[in-house]
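# Structural overview
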There are 2 protein chains.
Amino acid sequence: MAAPSVREPRQERSRATRRRLLAAAVRCLAEVGWSGSTVAVVAERAGVSRGAAQHHFRTREDLFTAAVRYVGEKRLDDIHRRAAALPEETSRVEAIVEMFADVYSGLEFRAALQMWAAAAHDPALRAHVVPLEEDIGREAHRAALDLLGADESGPGVRESVQATLDLVRGLGLANLLTDDRARRGRVVRQWARMLERELDAAR
Amino acid sequence: MAAPSVREPRQERSRATRRRLLAAAVRCLAEVGWSGSTVAVVAERAGVSRGAAQHHFRTREDLFTAAVRYVGEKRLDDIHRRAAALPEETSRVEAIVEMFADVYSGLEFRAALQMWAAAAHDPALRAHVVPLEEDIGREAHRAALDLLGADESGPGVRESVQATLDLVRGLGLANLLTDDRARRGRVVRQWARMLERELDAAR
C-alpha cells in the first residue's frame with residue numbers, strides 16, 4: 001500500500017489507517033487463529049504504530065469484531081453488485097446461491113470461524129460476537145431474500161432461505177482444511193434446483 | 001465412574017481407561033478449545049495417571065483425533081439404533097434429518113469444531129484431521145443414504161444427501177454460541193419436506 005501523502009486530509013488518512021487495520025485483522029485471524037491475534041500483531045502487519053492502532057480500537061475484541069463486521073458488510077455489497085451485473089438469461093437462483101457459497105468459503109469466513117471457535121469458550125468475546133452475528137445474519141438473510149426475489153409470506157419461503165444460508169455455512173466448514181470447490185459446485189447446483197422449484201411453487 | 005474391580009481382567013480395564021480418556025478428551029476440547037487441551041489435562045480430568053494416558057496415546061494429536069473418531073462412530077451407531085426404533089407411521093425423512101441435526105449440534109460437534117479451527121493453522125494437526133474427517137464424512141454419508149432408503153444412482157440423490165450433511169454442519173455452527181433449537185426445528189422440517197419430494201421423484 002502506498003504511503004499516505006502529506007497533503008492527504010487528516011480524516012481521510014485516519015479512515016485509511018482504520019481500513020488497513022481491519023483488513024490486517026481479518027487476515028491475521030484467518031491465518032493464525034484467535035490466540036495469536038493481538039492488537040500489536042495486527043498493528044505490525046498493517047504497518048501502523050501500536051498507539052495509532054489503540055487510538056482506533058480500544059480492545060482486542062473491538063478490533064476483531066469490527067473487522068469481521070467490516071468484511072461481512074463489504075462482501076454483501078459485492079454480492080449485490082455482482083448480482084446486478086448478471087446477464088438476463090442466467091439462472092439467477094443458482095448464480096446467487098453460488099455467490100453466497102463462495103463468500104462463505106473465503107478468507108472472511110475462515111476469520112469469523114476462528115472468532116466463533118474462541119468465543120465458544122471465552123464469555124467476554126462471546127458477548128461481542130453474538131450481537132455481531134445476529135446483525136450479519138439478519139443482513140445476509142435480507143440480501144438473500146432480495147436477490148432471490150423471494151416473498152417471505154409464502155409458505156416455507158423464510159425457512160428455505162434460512163436453510164440456504166445454513167447450507168453455505170456448512171459448505172464453508174467443509175472447505176476449511178481441503179479444497180472442496182468441485183464438490184461444492186455440484187451441491188450448490190442441486191440445491192439451487194430444489195430452491196428454485198420451491199420458490200416458484202410459493203409464488 | 002466406579003473404580004475398576006481388582007478382579008476385572010486387565011484387558012477390560014485397559015479398554016475402560018481408554019474409553020474414559022476419549023470421553024474426557026472430547027469434553028475438554030469442546031469446553032476449552034485446542035490450545036488448552038493437552039494429554040496431561042485430559043488425564044487429570046479422566047482420573048488416569050499421565051503415564052497410563054501416554055501408554056494409550058503417544059501424542060496429543062493421537063489422543064484427540066481418536067476421541068473425535070470414537071464419538072463420531074458412536075453417534076452414527078446411535079442414529080442407526082434410534083432410526084430402527086422409529087414407529088412405522090413417522091415421517092422417516094424428517095426424523096432422520098432431525099437426528100443428524102441434533103448430533104451435529106451437540107458436544108461432539110463442538111469438540112470437532114475446535115479441532116478443525118486449530119488444524120486450519122497447524123499443519124501437523126491438519127495431517128491427522130483430514131483423513132479422519134474423510135472417514136467420518138464417508139461413514140455419515142453412507143449412513144444417511146441407508147437410513148433414508150436413498151439410491152445414489154438416481155439423479156441428484158447423491159448431491160441432495162451431501163447437501164443434507166452440509167446443512168446440518170451449518171446448523172451446528174449456528175448453535176455454537178446461542179441456543180438455536182427452535183429455529184433449527186423449522187429449518188429441518190422445511191428441508192425434510194424438500195428432500196423427501198426430491199428422493200420420491202428420483203425413485
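The structure we're discussing is the one just above.
We now turn to the structure provided with this report.

The rules we used
- Residues numbered from 1 in each chain as written.
- Chains lettered and ligands numbered in written order.
- Predicted model: local features only at pLDDT ≥ 70, side-chain atom pairs only at ≥ 80, totals over all residues.
- Heavy atoms only, no water.
- Buried < 20%, exposed > 50% of the residue type's maximum accessible area, 1.4 Å probe, protein only.
- Helix = DSSP H or I, 4+ residues; strand = E, 2+ residues; numbered from the N terminus.
- Arc of directions from axis to C-beta.
- Contact = heavy atoms within 4.5 Å.
- Phe/Tyr/Trp six-rings, centres within 6.5 Å; stacked < 30°, edge-to-face > 60°.
- Buried area = accessible area lost by both parts, 1.4 Å probe.
- Salt bridge = Lys/Arg side-chain N within 4 Å of Asp/Glu carboxyl O.
- Least-squares fit on C-alpha atoms with pLDDT ≥ 70 in both.
- Expected span 1.5 Å × (residues − 1).

In this section: helix α2 (residues 39-46) of chain A. Along an α-helix, residues three or four apart share an orientation, since each turn contains 3.6 residues. Residues and elements named next belong to chain A. By the burial criterion, the buried members of α2 are Val 39, Val 42, Ala 43 and Ala 46. Buried residues of α2, seen end-on, are gathered within an arc of 100 degrees and therefore sit on one face of the element. For α2, the elements touching its buried residues are α1 (10-32), α3 (50-56) and α4 (60-84). Gly 47 sits one or two residues past α2 and shows a positive phi near 70 degrees.

Across all of its chains, the model carries seven aromatic pairs over all chains by this definition. With a centroid separation of 5.7 Å and 80 degrees between ring planes, the pair formed by Phe109(B) and Trp116(B) is classed as edge-to-face. Classification of Phe109(B) as buried rests on a relative accessible area of 5%. Under the relative-accessibility criterion, Trp116(B) is labelled buried at 8%. Taken together, the ring pairs in this structure connect Tyr104(A), Phe109(A) and Trp116(A) into an aromatic cluster.

Below, the discussion takes up the interface of chain B and chain A. Frequently, the measure chosen for interface size is the accessible area that the parts lose on association. With 38 residues of chain B in contact, the opposing surface of chain A contributes 38 residues. Across the chain B to chain A interface the summed buried area is about 3,400 Å²; carbon plus sulfur atoms make up 65%. On inspection of chain B and its partner chain A, the count reaches four salt bridges. The residue Arg197(B) makes a salt bridge to Glu198(A) at a minimum N-O spacing of 3.0 Å.

For the pair chain B and chain A, the superposition axis carries a translation of 0.0 Å, the fit reaches an RMSD of 0.0 Å, and the rotation angle comes to 180 degrees. In the structure described here, the two chain copies are related by an operation that fits a two-fold rotation axis. Most of the interface of chain B is mirrored in chain A: 100% of its interface residues are interface residues there too.

Once that is clear, we can look at the pattern of salt bridges. Taken as a whole, this structure holds 32 salt bridges over all chains when the rule is applied. Here Asp180(A) makes a salt bridge to Arg183(A), at a shortest N to O gap of 2.9 Å. Both residues of the pair, Asp180(A) and Arg183(A), belong to the buried class. The salt bridge involving Asp166(B) is made with Arg183(A); its shortest N-O contact spans 2.9 Å.

Attention now moves to helix α6 (residues 107-119) of chain B. Residues and elements named next belong to chain B. Look at α6: 18 Å from first C-alpha to last across 13 residues, which is about the 18 Å you get at 1.5 Å a residue. Most of α6 is tucked away: eleven of the 13 residues are buried. Inspection of α6 places Glu 108, Phe 109, Ala 111, Ala 112, Leu 113, Gln 114, Met 115, Trp 116, Ala 117, Ala 118 and Ala 119 among the buried residues, and these make up the whole buried set.

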